[in-house]
Amino acid sequence: MTTGGTITLRSAARSHTGLVRKNNQDSGYAGPNFLLIADGMGGHAGGDVASAITVSRLAELDHEPGGEDALEILRTSILEANDRICRGVGEQPELAGMGTTVTAVLRAPGNRFALAHIGDSRGYVLRDDRLQPITHDHTFVQMLVDEGRITAEEAETHPQRSVVMKVLGDVGASPDLDLSLREAQVGDRWMLCSDGLTGFADIDDITRVLKEVADPDEACRQLIDLALAGGGADNVTVVVGDVLEGEVETTEGVSVGSVHLNPRYAAIGANPDAEAAVDTEAHATFAEDDVSADTAPIQTVDGEDVEARDGTTQQLRTNTAADEEADLDDEDEKRSYLGWIITAIVIVALAVGGFFAFNYVSHQYYVADDDGKVSLYRGLDTTLGPIELSRLVDTTDIEVGSLNSYSQDRLRGSIPAGSRDEADRIIDNLRKESDRSSGMSGDVEDSTSPSDPAPSPPDSKSADPSDAITRESQ
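Below is a summary of the structure that appears in this document. Since the structure is predicted, the reported quantities are computational estimates derived from the model, not experimental observations.

### Considerations on the overall build of the protein chain
Then comes step 1: Helix and strand content of the protein chain: 13 helices and 20 strands.
Then comes step 2: Sorting the 474 residues of the protein chain into buried and exposed places 43% on the buried side.
Then comes step 3: Considering only intrachain contacts with a sequence separation of at least 6, the fraction spanning at least 24 residues in the protein chain is 73%.
Then comes step 4: Surface summary for the protein chain: the accessible area is close to 24,900 Å², and the carbon and sulfur share equals 51%.

### Some points on a negative patch on the surface
Then comes step 1: On the surface, a cluster of negative charge is contributed by Glu153, Glu154, Glu156, Asp202 and Asp204.
Then comes step 2: Structurally, glutamate 156 is set in the loop between α4 (152-155) and β10 (168-169).

### Notes on the side chain of aspartate 48
Then comes step 1: For aspartate 48, the location among the structural elements is in helix α1 (residues 47-58).
Then comes step 2: One buried charged residue, aspartate 48, remains without a salt bridge, the closest side chain of opposite sign being arginine 264 at 7.0 Å.

### A few points about the pairing of strand β6 (residues 102-108)
Then comes step 1: Of all seven residues making up β6, seven are buried, and the element is well covered by its neighbours.
Then comes step 2: Burial along β6 is two-sided: Val102, Ala104, Leu106 and Ala108 facing one way and Thr103, Val105 and Arg107 facing the other are all buried.
Then comes step 3: As paired elements, strand β4 (residues 34-39) and β6 share four bridges and run antiparallel to each other. Its bridge partner being in β6, leucine 35 is matched across the sheet by valine 105.

### Focus: empty space enclosed by the protein
Then comes step 1: For the structure shown, the criterion picks out one cavity of 30 Å³ or more.
Then comes step 2: Approximately 60 Å³ is the volume found for the largest cavity.
Then comes step 3: Around the largest cavity, the lining residues are Val20, Phe200, Gly230, Gly231, Ala233, Arg410, Ile415, Ile426, Asn429 and Leu430.
Then comes step 4: Counting residues per element, the lining of the largest cavity draws most heavily on helix α12 (residues 420-438), at three residues.
Then comes step 5: Taken together, the residues that form the lining of the largest cavity break down as six nonpolar, three polar and one charged.

### Description of the pattern of salt bridges
Then comes step 1: Tallying each qualifying case throughout the model produces 20 salt bridges.
Then comes step 2: A salt bridge links aspartate 242 to arginine 189, with the nearest nitrogen and oxygen atoms 2.7 Å apart. Linking aspartate 242 in strand β13 (residues 236-245) with arginine 189 in strand β12 (residues 189-193), this pair joins segments that are 53 residues apart in sequence. Assigned by exposure class, aspartate 242 and arginine 189 land together as buried.

### Points about helix α7 (residues 216-229)
Then comes step 1: Taking 1.5 Å of rise per residue, 14 residues should cover 20 Å, and α7 covers 20 Å from first to last C-alpha, within 8% of that figure.
Then comes step 2: With eleven of 14 residues buried, α7 lies mostly within the body of the structure.
Then comes step 3: Listed as buried for α7 are Pro216, Asp217, Ala219, Cys220, Leu223, Ile224, Asp225, Leu226, Ala227, Leu228 and Ala229.
Then comes step 4: Note on α7: the residue one or two positions beyond its end, glycine 231, has a positive phi of about 125°.

### So, the environment of isoleucine 203
Then comes step 1: Residue position: isoleucine 203 is located in helix α6 (residues 203-212).
Then comes step 2: When the C-alpha positions of isoleucine 203 and leucine 131 are compared, they lie 9.1 Å apart, and in sequence the two are 72 residues distant.
Then comes step 3: For isoleucine 203, the contacting residues outside a window of four places in its chain are Tyr124 and Leu131.

### Considering the packing of α1 against helix α2 (residues 70-91)
Then comes step 1: As a packed pair, α1 and α2 sit with axes 9 Å apart at the nearest point and diverge in direction by 140°. In terms of their interaxial angle, α1 and α2 are classed as oblique. Helix-helix and strand crossings are classified by hand; for α1 and α2 the assignment is right-handed. Mapping the contact onto sequence places Ala50, Ile53, Thr54, Ser56, Arg57 and Leu58 in α1 and Ser77, Ile78, Glu80, Ala81, Arg84 and Ile85 in α2.
Then comes step 2: Residues belonging to the contact of α1 with α2 are distributed by class as follows: six nonpolar, three polar and three charged.

### Some points on the nonpolar core
Side chains of nonpolar character tend, in soluble globular proteins, to be buried together.
Then comes step 1: Ranked by internal contacts, the top residues of the largest apolar core, which has 39 residues, are Met191, Leu197, Leu223, Val238, Val367 and Val374.
Then comes step 2: Ranked by the residues each element gives to this core, the list is headed by α7, at seven residues.
Then comes step 3: Sequence-distant contacts of valine 374, that is, excluding residues within four places in its chain, are made with Val367, Ala368, Thr395, Thr396, Ile398, Val400, Leu403, Leu411, Ile427 and Leu430.
Then comes step 4: Counting 32 residues, the second largest nonpolar core, distinct from the first, contains Tyr29, Ala38, Leu61 and Leu177.

What counts and how
- Residues numbered from 1 in each chain as written.
- Predicted model: local features only at pLDDT ≥ 70, side-chain atom pairs only at ≥ 80, totals over all residues.
- Heavy atoms only, no water.
- Helix = DSSP H or I, 4+ residues; strand = E, 2+ residues; numbered from the N terminus.
- Buried < 20%, exposed > 50% of the residue type's maximum accessible area, 1.4 Å probe, protein only.
- Contact = heavy atoms within 4.5 Å.
- Areas by Shrake-Rupley, 256 points an atom, 1.4 Å probe, with all protein chains shown as cover.
- Patch = residues over 30% accessible without salt bridge, like charges linked within 9 Å, V, L, I, M, F, W, Y side chains within 5 Å.
- Salt bridge = Lys/Arg side-chain N within 4 Å of Asp/Glu carboxyl O.
- Lys, Arg positive; Asp, Glu negative; His and termini not counted.
- Charge placed at Lys NZ, Arg CZ, Asp CG, Glu CD.
- Pairing = 2+ DSSP bridges.
- 1 Å grid on protein atoms, 1.4 Å probe; cavity = no way out; pocket = protein on both sides within 12 Å on 5 of 7 lines; lining within 4 Å.
- Points joined across faces, edges and corners; volume = space filled by probe spheres on them.
- Nonpolar A, V, L, I, M, F, W, Y, C, P; charged D, E, K, R; others polar.
- Expected span 1.5 Å × (residues − 1).
- Axes fitted to C-alpha atoms, helices over the stretch in contact; angles between N-to-C directions.
- Parallel < 35°, antiparallel > 145°, perpendicular 65-115°, else oblique.
- Left-handed = near helix turned anticlockwise from the far one by under 90°.
- Core = buried A, V, L, I, M, F, W, Y, C linked by side-chain atoms within 4.5 Å.

Have a look at this one:
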């Protein structure tokens, strides 16, 4: 492929399932004209399907750079991906509620990029050795920060930090995208990532790697290693693109994550003509020559018949009044029965809702600091009025002080887990980190010091990404 114009991208992408999750719900794309990250929502059914559908549709934008209407092309393409996700739910109802974040960058004329964003994945630009965010999280805690109710530091350990307010997909609302045109400069380095990176790696370490590692693919690899060393409790995907000058010979762009591992997902929702069958029997009509017994023509009568019918008319009026009174009694009785039925339905609904709420809470876990020890709790790290929604399950022998400062900060809040197995894996990773710290030289005495070196990444076997494909322009 030959890319015309004054700038192009030398790019790479890597994705890793992480050390805790069982499947990869992230998808990413890197090409000479287009970069994309989509993080399928872990709390929604089919997050891996939603992200794969989105990337498979939007990757088409890389084939030709956007024209003057690049921003509009990007917007409509994302809305089409949203429609595909919703059609996919129609085809496979078990996927109801699936959603994904989207952060996408499309090359536009005049050394600019069209940027679209929804969710909590992030975009950054490294320019003049300064890493600048170019997206704004659509999360509950970011809303609290914007309103001045909590600080940015408090948001990092807030128990609801994973609650996303806006996403693409089957979530009952039209996508509310952040759209903008961004100036690009030769030498810029653009990075898109899922929250599996920013949630587990320190921003200073991320900046250091982006500044010091010239090769985009190697930069992606080292950034994923940072996330794994920080616990790796989520899928992590990184896309890096360097802005180059001139016309460059390139190979085709590539995809990573769920869209690469599950290519069959791309076909879900792709047929716009697939619609549910309509029950035509409910719309049957009468032929023009059919006459209902209730609408028989009125026959005219002469004057002699009028007097004879007066008595009948009076009797009809009397009967009608009696019928109306009986109908009123029937309506009162029906309303009484209806009231009891509605009350019963409400009681059953509350009971069922309470059961499912209790069942959900009882299957949630989180790991936190309890008197200097890494401890396991069952439930949610919050309260409902005076009621605590969690209880202490186990206190380990892992000293919080033996962990790196980033892990300590996370434990001062809580590290959520969707199951006991997931919580045990988090604790196991923290134990390994503690063991590594205890085996370090005695020169490092205070593990909470901000100047502590970053923890060593896991061995090559555990840190090797599940699928990693480099995208470069020679």
